[in-house]
Amino acid sequence: MLSQDCLAGGSPAVMPAVPDPAQVTGAVDRYMALREFRARLYGCLTARADALFELCDAILCADHAVTSLAELSLVPAFRRGHGALYDALAAGQVDEEALAALLAGTLPQLVDGEEAMAWVEAHDRIDYGLLEQALAGLPAADAAQVREACARWRRLRFAIDATPYPRPDAECSPERGHVHHDACRCDSTRKTIPGWEYQFAAAPGHLRTAWAALVDAERTTPATRTRQTARQVKNLLRRLHAAGPGGRGAPLVIMDAGYSAAALTAALAGQPVHLLIRLASGSVFYADPATWPGKKGRPGKHGMPVTCHNDPGQANPEPGETLVLPDTPRYGTVRAGAWREVHPLIHGDRGYFAGWDGELPVLRGTVLRVTVEHLPDGRAPHKTMWLWHAGPAPLSLDELWCAYLARFDEEHAFKFAKTTLGLTAARVRTPQQADRWVRLVMAAFAQLLLARPHAAGLRRPWETRPPAGRPLPPGRVRRGFANIRRHLGTPAHVAKPGRPGPGRPKGSATGPAPRYPIPKKQAKNDEEDKQPAGQGLKPKLRLSAAQGRGLVAAPPCRRIPRGR
């Protein structure tokens, strides 16, 4: 029977398209995965669980950037008073191992969404069935190395880096130290600030986006940085192994130039992991010494040196392998060279190898030199990038240099976690409270990643649409999380009615809070080194001629406003 619109001469009504059952099933599975993650996250909170969980929801549902804890108590998702908020951070407990296992087992596989998987399928040209047939006749060790080299598109990548938690004026906060920060509070030359430092392990995807799954965090101390990093990598490998079946190849861990390549290679020797570490300029590596039958004398330990020069034209032996990529869209012509089977010079009286039991090891790996024509903003590069790779099998140059560029996705995650989620906004007193807050922010970031397929593209009138084939950025997913949360529900219980406590008894006094002075920084110039023990330098004041005669008062010392 025709409709009235058709009888009147109008266009026939269009019936809505029948949804694809596979897409509906996938959407329901992702929705249930988010609900299950929230339930398991609630189980990781062992004390003050309701307040901590609602505090995490308040971070996600706030319509503004998180700048203070007190403002989060006004978010409707937090159904308690501001006193419960501070009490949750002071007396709450988080099972750190259970939370890290939950994040490591859930997030790395989800960083590459539908857009990234479509991009990977277009670039992965390996027929794995034919590959297994070709490897059937090879020895097991050789076949394993070939599988490692061909696991590029399925390999998990992790970036490890540290970021400061500034607490410059918190004199009552213990365990503070000098951490690297651009906003220097001391002498404006050493770029340090009093506070804590947290080292994160994040999983970047194959697409260059602002998404990087934060899966682990540890508060670091400068004296044990290498051992803490090695322990963090081993814990990550253990959690990945417990999370599910392999078949992806050994993961690739990427680090910047602040980490010791030799020490971490020795600490992680024998582990199923690839290390990719940027090298400082001036580092020297050596090839194996040349030998021949009948050579007399003591066997040599080091052969031809390979020096990490900033100028690629300086003297070095020719690389054993080269790669040239002309006309890349962001870097122009890219040239990469590799020296395989080289080793660093290790000193047994300093650093990580001081007191080494037995003979010092020979740590063989690959040194890469990467030069580009220009940077993405058009500037000429002022340094040559040198990389160190060590692992169970050699990897291609194209995979290694592209994997190092993916490390910068962690920087975008840090920026979003600090400026929007308030990673360093909580002015707490003890480092244990800061640990709980940092893990709540990590849990909030993880829920944004899980909610990315369900988020609508809410944008301001002046904002541009996201390009096709790219996922929504974390900020826009957070903008619509309150709408998603209404359908998810919450495992937290409703707050019980209560009344104010009696407060401090009349006449009692606890006295001032103890102060914890931060350790002094080491001397940096010869004048400080020449000072006798127990005597410090007097501050040098530059006065004008009028100030020297007492005619004009010296200006007061300018200080940055103190925060709580």
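Residues numbered from 1 in each chain as written. Predicted model: local features only at pLDDT ≥ 70, side-chain atom pairs only at ≥ 80, totals over all residues. Heavy atoms only, no water.

Visitor: It is not clear to me how the side chain of Gln433 should be interpreted in this structure. Could you clarify?
Guide: Secondary-structure assignment places Gln433 in helix α14 (residues 431–451). Within the structure, Gln433 has its side chain in polar contact with the backbone nitrogen of Arg429 (distance 3.3 Å). Not counting chain neighbours up to four residues away, the residues in contact with Gln433 comprise Leu89, Ala90 and Val428. (Helix = DSSP H or I, 4+ residues; strand = E, 2+ residues; numbered from the N terminus. Polar contact = N/O pair within 3.5 Å; in protein donor to acceptor, adjacent residues only side chain to side chain. Contact = heavy atoms within 4.5 Å.)

Visitor: Where do I start with the pattern of salt bridges in this structure?
Guide: Side chains carrying opposite charge are able to pair once their charged atoms draw close together. The final tally for this structure, using the stated rule, is 30 salt bridges. With a shortest N-O distance of 3.6 Å, Glu96 and Arg439 are connected by a salt bridge. Pair noted here: Glu96 is in helix α6 (residues 96–106) and Arg439 is in helix α14, with a separation of 343 residues, a long-range link. Linking Arg238 and Glu97 is a salt bridge whose minimum nitrogen-to-oxygen distance equals 3.2 Å. Separated by 141 residues along the polypeptide, Arg238 in helix α10 (residues 225–243) and Glu97 in helix α6 bring together distant segments of the chain. (Salt bridge = Lys/Arg side-chain N within 4 Å of Asp/Glu carboxyl O.)

Visitor: What is the right way to look at the nonpolar core in this model?
Guide: The tendency in soluble globular proteins is for nonpolar side chains to be buried as a group. Within the largest apolar cluster, 104 residues are counted, with the highest numbers of intra-cluster contacts made by Leu72, Tyr165, Phe200 and Trp437. A per-element tally of this core places α14 first, with 14 residues. Sequence-distant contacts of Trp437, defined by excluding residues within four places in its chain, comprise Leu55, Ile59, Val66, Leu69, Leu72, Leu89, Tyr165, Leu421, Gly422, Leu423 and Ala426. (Core = buried A, V, L, I, M, F, W, Y, C linked by side-chain atoms within 4.5 Å. Buried < 20%, exposed > 50% of the residue type's maximum accessible area, 1.4 Å probe, protein only.)

Visitor: Looking at this model, I keep getting lost on α10. Mind explaining?
Guide: Each turn of an α-helix holds 3.6 residues, which means side chains three or four residues apart point in the same direction. With 19 residues, α10 should reach 27 Å at 1.5 Å per residue; the first-to-last C-alpha distance of 27 Å fits that figure. Of the surrounding elements, those touching the buried residues of α10 are α6, β3 (157–166), β5 (192–204), β6 (212–219), β7 (252–255) and α11 (261–267). (Expected span 1.5 Å × (residues − 1).)

Visitor: Sorry, what's going on with the packing of helix α3 (residues 49–61) against α14 here?
Guide: The description of two packed helices rests on the angle between their axes and on the distance between the axes. Closest axis-to-axis distance for the α3/α14 pair is 9 Å, and the angle between their directions is 55°. By the angle between their directions, the pair α3 and α14 is classed as oblique. You can see that α3 and α14 cross each other, and the crossing is right-handed. Judged by residue contacts, Leu52, Leu55, Cys56, Asp57, Ile59 and Leu60 of α3 engage Trp437, Leu440, Val441, Ala443, Ala444, Gln447 and Leu448 from α14. (Axes fitted to C-alpha atoms, helices over the stretch in contact; angles between N-to-C directions. Parallel < 35°, antiparallel > 145°, perpendicular 65-115°, else oblique. Left-handed = near helix turned anticlockwise from the far one by under 90°.)

Visitor: Please explain the packing of aromatic side chains as it appears in this structure.
Guide: Think of a pair of aromatic rings as described by two things: how far the centres are apart, and how the planes are tilted against each other in angle. Counted by the stated rule, this structure contains 14 aromatic pairs. On the numbers, 6.1 Å between centres and 55° between planes, the contact of Tyr165 with Tyr198 is tilted. Taken together, the residues Tyr165 in strand β3 and Tyr198 in strand β5 connect sequence positions 33 residues apart. We note that Tyr165, like Tyr198, is buried. When the centroid spacing of 6.2 Å and the interplanar angle of 80° are considered together, the rings of Tyr331 and Trp401 count as edge-to-face. With Tyr331 in the loop between β11 (321–328) and β12 (332–344) and Trp401 in helix α12 (residues 397–406), this residue pair connects regions lying 70 residues apart in the sequence. Trp401 carries the same exposure label as Tyr331, and that label is buried. Taken together, the aromatic side chains of Tyr165, Trp196 and Tyr198 make up a single cluster linked through ring pairs. The aromatic ring of Trp153 is capped on one face by Arg152, whose charged end is 4.6 Å from the ring centroid. (Phe/Tyr/Trp six-rings, centres within 6.5 Å; stacked < 30°, edge-to-face > 60°. Lys NZ or Arg CZ within 6 Å of the ring centre and 35° of its normal.)

Visitor: Teacher, can you tell me more about the pairing of β12 here?
Guide: Burial runs high along β12: 10 of the 13 residues are buried. Summarising the sheet, β11 and β12 pair through six bridges and their orientation is antiparallel. Its bridge partner being in β12, Val324 is matched across the sheet by Arg335. In this antiparallel pair of consecutive strands, β11 and β12, the connection spans three residues. (Pairing = 2+ DSSP bridges.)

Visitor: Which parts of the structure should I look at to understand a nonpolar patch on the surface?
Guide: On the surface, a nonpolar cluster with roughly 240 Å² of combined accessible area is contributed by Val24, Val28 and Met32. You can see Met32 is positioned in helix α2 (residues 21–43). Using a relative accessible area of 41% as the deciding quantity, one classes Met32 as partly exposed. (Patch = residues over 30% accessible without salt bridge, like charges linked within 9 Å, V, L, I, M, F, W, Y side chains within 5 Å. Areas by Shrake-Rupley, 256 points an atom, 1.4 Å probe, with all protein chains shown as cover.)

Visitor: Honestly, the confidence of the model for the chain in this entry has me stumped. Any pointers?
Guide: A low pLDDT score tells you not to read the predicted coordinates there in detail. With 87% of its residues at a pLDDT of 70 or more, the chain has an overall mean of 84. Note that pLDDT drops below 50 for residues 1–7; the model gives that stretch four contacts with residues more than four away or on any other chain. Below pLDDT 50 for its whole length, residues 524–564 participates in 26 contacts with residues either more than four positions away or in separate chains. (pLDDT = per-residue confidence, 0-100.)

Visitor: Any chance you could explain the environment of Thr419 here in plain terms?
Guide: Secondary-structure assignment places Thr419 in helix α13 (residues 408–419). A polar contact of 2.6 Å, which involves the side chain of Thr419, links it to the backbone oxygen of Lys415.

Visitor: How should unusual backbone geometry be read in this particular structure?
Guide: With the exception of glycine, most residues fall at negative phi, and the peptide bonds are largely trans. Even without being a glycine, Glu175 presents a positive backbone phi close to 65°. With respect to the helices, strands and loops of the structure, Glu175 is situated in the loop between β3 and β4 (177–180). Positive phi outside glycine occurs at Asp327, with the angle close to 60°. Secondary-structure assignment places Asp327 in strand β11.

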